[in-house]
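# Secondary and tertiary structure notes
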Amino acid sequence: MRFLYKRPRMEQIDEELNTVMDVMVSDVFVYLDLFVFSLIFTFLLSSVWHSLALSILFFLGTYSLFSCVYFFIFTPKNERG
């Protein structure tokens, strides 16, 4: 069965890996990922917060904190302005 499978060329594999890496390090993907992690973090701690307003405030705080940390650590200084 193995002889029926044709291995892809190295150039094709390299091209696909570069495409995946470009998507994974894009700012939109990172901010979407931070949004999902903040949402999960808020749901896991929902038993601690006794009101919906505190949960929303906690979500906004964690998302803004994680976004600011990403922005100031991983964004080059010349792009910040």
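Anything mentioned here points back to the structure above.
This text gives an overview of the structure that appears in the document.

## What about the overall build of the chain?
Counting its regular elements, the chain contains 4 helices and 0 strands. Sequence-ordered secondary structure for the chain, helices as α and strands as β, is α-α-α-α. Among the 81 residues that make up the chain, the fraction classed as buried is 14%. Of the contacts made within the chain by residues no fewer than 6 positions apart, 50% connect residues no fewer than 24 positions apart. Accessible area of the chain: about 7300 Å², with a carbon and sulfur share of 71%.

## Considerations on the packing of helix 2 (residues 27-44) against helix 3 (residues 52-74)
Two numbers describe how helix 2 lies on helix 3: the axes approach to 9 Å, and their chain directions differ by 145°. Handedness of the helix 2/helix 3 crossing: right-handed. Side by side, helix 2 and helix 3 meet where Asp27, Val30, Tyr31, Leu34, Phe35, Ser38, Leu39, Phe41 and Thr42 of the first sit next to Ser55, Phe58, Phe59, Thr62, Tyr63, Phe66, Ser67, Tyr70 and Phe71 of the second.

## A few points about the side chain of Thr62
Residue position: Thr62 is located in helix 3. On the basis of relative accessible area, Thr62 is assigned to the buried category, the value being 8%. Within the structure, the side chain of Thr62 is placed 3.0 Å from the backbone oxygen of Phe59, a separation counted as a polar contact. Filtering out sequence-adjacent residues up to four positions away, Thr62 remains in contact with Ser38, Phe41 and Thr42.

## Comments concerning the side chain of Ser55
By the element assignment, Ser55 lies in helix 3. Overall, the relative accessible area of 13% leaves Ser55 in the buried class. Leave out the neighbours within four places in its chain, and Ser55 touches Thr42 and Trp49.

## Description of a nonpolar patch on the surface
Together, Leu32, Phe35, Val36, Phe37, Leu39, Ile40, Phe43 and Leu44 line one region of the surface with nonpolar side chains, adding up to about 790 Å² of accessible area. Turning to its location among the elements, Phe35 is positioned in helix 2. On the accessibility criterion, Phe35 (37% relative accessible area) is partly exposed.

The rules behind each value
Residues numbered from 1 in each chain as written. Predicted model: local features only at pLDDT ≥ 70, side-chain atom pairs only at ≥ 80, totals over all residues. Heavy atoms only, no water. Helix = DSSP H or I, 4+ residues; strand = E, 2+ residues; numbered from the N terminus. Buried < 20%, exposed > 50% of the residue type's maximum accessible area, 1.4 Å probe, protein only. Contact = heavy atoms within 4.5 Å. Areas by Shrake-Rupley, 256 points an atom, 1.4 Å probe, with all protein chains shown as cover. Axes fitted to C-alpha atoms, helices over the stretch in contact; angles between N-to-C directions. Left-handed = near helix turned anticlockwise from the far one by under 90°. Polar contact = N/O pair within 3.5 Å; in protein donor to acceptor, adjacent residues only side chain to side chain. Patch = residues over 30% accessible without salt bridge, like charges linked within 9 Å, V, L, I, M, F, W, Y side chains within 5 Å. Salt bridge = Lys/Arg side-chain N within 4 Å of Asp/Glu carboxyl O.

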